[in-house]
Amino acid sequence: MSIDLSGLSARELGALIRTAKKQQTIVAKRRPITKVRAQLSKLAKTEGYTIEELFGGAAAPAPRARKAAKAPAKTAGRKLGKVAPKYRNPANPKETWTGRGKQPRWMAELTAKGNKKPEDFLIKKA
C-alpha cells in the first residue's frame, strides 16, 4: 500500500502521524487473532455448536446468503411481451426498432443531422 504524502502540509502530516500512532496502539493492545479464534471455537464447542453453524463458515452468514439467492428469482419472473416494430430504417428495411430502450444508431445518426424526425421512420400500418 502506498500513499502519496508529497501533497500534504506539515500540519496535515502531523495529524496523520498522530492518527496512525493511535491506531497502532489500539492494534498492539489487541490479543492475537489466533488466540481469539481458539477461544471462540472452544466456547462454541462447549455450547454444542460449530463455528460454521454460528457464523455460516468462511462466507457470509447463512440468512444473508439465502436472501441473496431469492432476490434474482423476483426479477427473473418479470417478462415483457414482444412488441411489433414501430420504426424502420429506410436505407436497410431489415433494421427495425420497437420504440423501447435506447434509440438504434442508425436512427440516432439520421436524427442528429437535423433533417429527419423520429416520426419520419414510422412503419405505415396496412
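Residues numbered from 1 in each chain as written. Predicted model: local features only at pLDDT ≥ 70, side-chain atom pairs only at ≥ 80, totals over all residues. Heavy atoms only, no water.

The next point concerns the side chain of Asn89. Relative to the helices and strands, Asn89 resides in the loop between β1 (87-88) and β2 (96-97). Separated by 3.1 Å, the side chain of Asn89 and the backbone nitrogen of Ala91 make a polar contact. Those residues in contact with Asn89 that sit more than four places away from it in its chain are Glu95, Trp106 and Leu110. (Helix = DSSP H or I, 4+ residues; strand = E, 2+ residues; numbered from the N terminus. Polar contact = N/O pair within 3.5 Å; in protein donor to acceptor, adjacent residues only side chain to side chain. Contact = heavy atoms within 4.5 Å.)

For the rest of this paragraph, the subject is helix α5 (residues 105-112). For the α-helix, the turn length of 3.6 residues means that residues three or four positions removed from each other point alike. All buried positions along α5 are accounted for by Trp106, Met107 and Thr111. Each buried residue of α5 lies within a common arc of 120 degrees when the element is viewed along its axis, so the set occupies one face. What points out from α5, more than 90 degrees from its buried face, is the exposed set Arg105, Glu109 and Ala112. Contacts from the buried residues of α5 go to β1 and β2. (Buried < 20%, exposed > 50% of the residue type's maximum accessible area, 1.4 Å probe, protein only. Arc of directions from axis to C-beta.)

Averaged over every residue, the pLDDT of the chain is 82; the share at 70 or more is 81%. Here helix α4 (residues 62-76) stands out as the least confident element of the chain, with mean pLDDT 53; helix α1 (residues 10-29) is the most confident, with 93. Predicted confidence for residues 59-66 stays below pLDDT 50, and this span has 4 contacts to residues more than four positions away or in other chains. (pLDDT = per-residue confidence, 0-100.)

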